[in-house]
Amino acid sequence: MKQCTHAHALPHPEPEPLSETCLECLAAGSHPVQLRLCLICGDVGCCDSSPLRHATEHFKKTGHPIMRTFEPGENWRWCFVDHVLV
Ligand SMILES: [Zn+2]
Ligand SMILES: [Zn+2]
Ligand SMILES: [Zn+2]
């Protein structure tokens, strides 16, 4: 299993969410399936099961490596670079 070298560099405390939902979906009139929170900047984007996959797009645009689930009751983080849960 590959080790993630990005998790230790995350800001503490984690950033405040910039919005309650995926703003790009809102603007596009699309509906997110689930939400993800960028742990570098607080950007909220939709998951890869959503039609427009804005969380992945955010990573491609910014290089911010780690997001966490923004769903109530869930608690996991994902590194886009290493493709591992961290
Ligand atoms: Zn990583
Ligand atoms: Zn979206
Ligand atoms: Zn970000």
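Above this note sits the structure.
Residues numbered from 1 in each chain as written. Chains lettered and ligands numbered in written order. Predicted model: local features only at pLDDT ≥ 70, side-chain atom pairs only at ≥ 80, totals over all residues. Heavy atoms only, no water.

This paragraph deals with the coordination of the zinc ion (ligand 3). C38 (SG), C41 (SG), H58 (NE2) and H64 (ND1) make up the full set of protein donors to the zinc ion (ligand 3), lying at 2.0 to 2.3 Å. Classification of the site at the zinc ion (ligand 3) as tetrahedral follows from its four donor atoms and the range of 104 to 113° in their angles at the metal. Along the chain, the residues donating to the zinc ion (ligand 3) fall in the pattern C-x2-C-x16-H-x5-H. Of this pair, C41 sits in the loop between β1 (35-38) and β2 (44-46) while H58 sits in helix α2 (residues 54-62), placing them 17 residues apart in sequence. When its relative accessible area of 27% is taken as the criterion, C41 is described as partly exposed. Since its relative accessible area comes to 11%, H58 is described here as buried. (Donors = N, O, S within 2.8 Å, 3.2 Å for Na, K, Ca; no water. Tetrahedral: all angles 85-135°; square planar, octahedral: opposite > 155°, others 65-115°. Helix = DSSP H or I, 4+ residues; strand = E, 2+ residues; numbered from the N terminus. Buried < 20%, exposed > 50% of the residue type's maximum accessible area, 1.4 Å probe, protein only.)

What follows covers the sheet that holds strand β3 (residues 66-69). The strand order across the open sheet formed by five strands is β2-β1-β3-β4-β5, and the pairing between neighbours is antiparallel. Where the open sheet ends on each side, the last strands, each with one partner, are β2 and β5 (84-85). Note that β1 and β3 share three bridges and pair antiparallel. Bridged to L37 within β3 is R68. (Pairing = 2+ DSSP bridges.)

In this structure, C22 (SG), C25 (SG), C46 (SG) and H54 (ND1) serve as the protein donors to the zinc ion (ligand 2), at separations of 2.0 to 2.3 Å. Around the zinc ion (ligand 2), the four donor atoms are arranged such that angles at the metal cover 100 to 124°; this shape is classified as tetrahedral. On the primary sequence, the residues serving as donors to the zinc ion (ligand 2) are separated as C-x2-C-x20-C-x7-H. One end of the pair, C25, is in helix α1 (residues 23-28); the other, H54, is in helix α2, with 29 residues separating them in the sequence. For the residue pair C25 and H54, the accessibility class agrees, reading buried in each case.

Turning our attention to the pattern of salt bridges. What the rule picks out here adds up to three salt bridges. Notably, a salt bridge pairs K61 with E24, separated by 3.8 Å at the nearest N-O pair. Taken together, the residues K61 in helix α2 and E24 in helix α1 connect sequence positions 37 residues apart. The network of salt bridges with common partners includes E24, E57 and K61. (Salt bridge = Lys/Arg side-chain N within 4 Å of Asp/Glu carboxyl O.)

The subject of this paragraph is empty space enclosed by the protein. Taken as a whole and judged by the stated rule, the model has one cavity of 30 Å³ or more. As a volume, the largest cavity reaches approximately 50 Å³. Along its surface, the largest cavity is lined by R36, C38, D43, V44, G45, A55, H58, M67 and F80. At the level of elements, β1, β2 and α2 are the ones that each hand at least two residues to the lining of the largest cavity. (1 Å grid on protein atoms, 1.4 Å probe; cavity = no way out; pocket = protein on both sides within 12 Å on 5 of 7 lines; lining within 4 Å. Points joined across faces, edges and corners; volume = space filled by probe spheres on them.)

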